[in-house]
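# Chain and residue survey
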Amino acid sequence: MTSWVLIIWLASSSNFTVYQKFKNEEECLDKMATVQKALEQASSKMQVMCRVQKPGDVFKKNEIAIAKYTLR
């Protein structure tokens with residue numbers, strides 16, 4: 001069975017994050033339209049695209065990493 005993913009990136013589509021996973025292309029395209037509208041309203045330069053999930057794609061939904069450094 002083919003899985004679809006919505007990917008999001010800023011500068012280069014080769015450096016992306018999987019935003020969400022879907023069972024079919026139609027669900028992915030519906031979500032893509034919603035996300036694109038939100039990004040446009042926020043004047044964001046981020047881009048989104050639906051594609052077939054490839055082997056090796058990492059799917060980590062809602063994972064945020066924050067690093068804090070203190071230099072003295």
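Below, the structure is looked at part by part. Sequence positions are assigned chain by chain, starting from 1 and proceeding in written order. pLDDT decides what is reported in this predicted model: residues at 70 or higher carry local features, side-chain atom pairs at 80 or more are listed and counted, and totals for whole chains, interfaces and linings draw on all residues regardless. Calculation of side-chain values draws on the structure's entire complement of heavy atoms; hydrogens and water are dropped beforehand.

### Structural notes on a negative patch on the surface
A cluster of acidic residues, Glu25, Glu26, Glu27 and Asp30, forms a negative patch on the protein surface. Mapped onto the elements of the fold, Glu27 is located in helix 1 (residues 25-41). Nonpolar side chains (Val, Leu, Ile, Met, Phe, Trp, Tyr) within 5 Å and like charges within 9 Å form the patches, drawn only from residues with over 30% relative accessible area and no salt bridge. In this description, accessible areas are obtained by the Shrake-Rupley approach with a 1.4 Å probe, and a residue is regarded as covered only by the protein chains that are shown. Should a side-chain nitrogen of Lys or Arg be within 4 Å of a carboxyl oxygen of Asp or Glu, the pair is scored as a salt bridge. His is not counted, nor are the chain ends; Lys and Arg add positive charge and Asp and Glu add negative charge. Every charge is mapped onto a representative atom, which is NZ of Lys, CZ of Arg, CG of Asp or CD of Glu. Numbering of helices and strands runs from the N terminus, with a helix taken as a DSSP run of H or I at least four residues long and a strand as a DSSP run of E at least two residues long.

### Brief notes about the state of the cysteines
Disulfides are defined as pairs of cysteine sulfur atoms found within 2.5 Å of each other. The full count for this structure, using the stated rule, is one disulfide. In this model Cys28 forms its disulfide with Cys50; the gap between the sulfur atoms is 2.2 Å. The sign of the -110° torsion about the S-S bond sets the Cys28-Cys50 disulfide as left-handed. One end of the pair, Cys28, is in helix 1; the other, Cys50, is in strand 3 (residues 47-52), with 22 residues separating them in the sequence. Under the relative-accessibility criterion, Cys50 is labelled buried at 13%. With a 1.4 Å probe rolled over the protein chains alone, any residue whose accessible area is under 20% of its type maximum counts as buried; one over 50% counts as exposed, and the rest are partly exposed.

### Some thoughts on helix 1
Expected span, for any helix, means 1.5 Å times one less than how many residues it has. Between its terminal C-alpha atoms helix 1 stretches 24 Å, which fits the 24 Å expected from 17 residues at 1.5 Å a residue. Taken as a whole, helix 1 has its buried residues at Cys28, Met32, Val35 and Leu39. Projected onto a plane normal to the axis of helix 1, the buried residues spread over an arc of 75° and lie on a single side. Helix 1 presents Glu26, Lys37, Glu40 and Gln41 as exposed residues on the side facing more than 90 degrees away from its buried surface. Throughout, the arc means the angular range of directions from the helix axis out to the C-beta atoms.

### Description of the pairing of strand 2 (residues 16-22)
Here, any two strands with at least 2 DSSP bridges between them count as paired. For strand 1 (residues 4-9) and strand 2, the ladder comprises six bridges, and the chain directions are antiparallel. Within the sheet, the bridge partner assigned to Val5 lies in strand 2 and is Lys21. In this antiparallel pair of consecutive strands, strand 1 and strand 2, the connection spans six residues.

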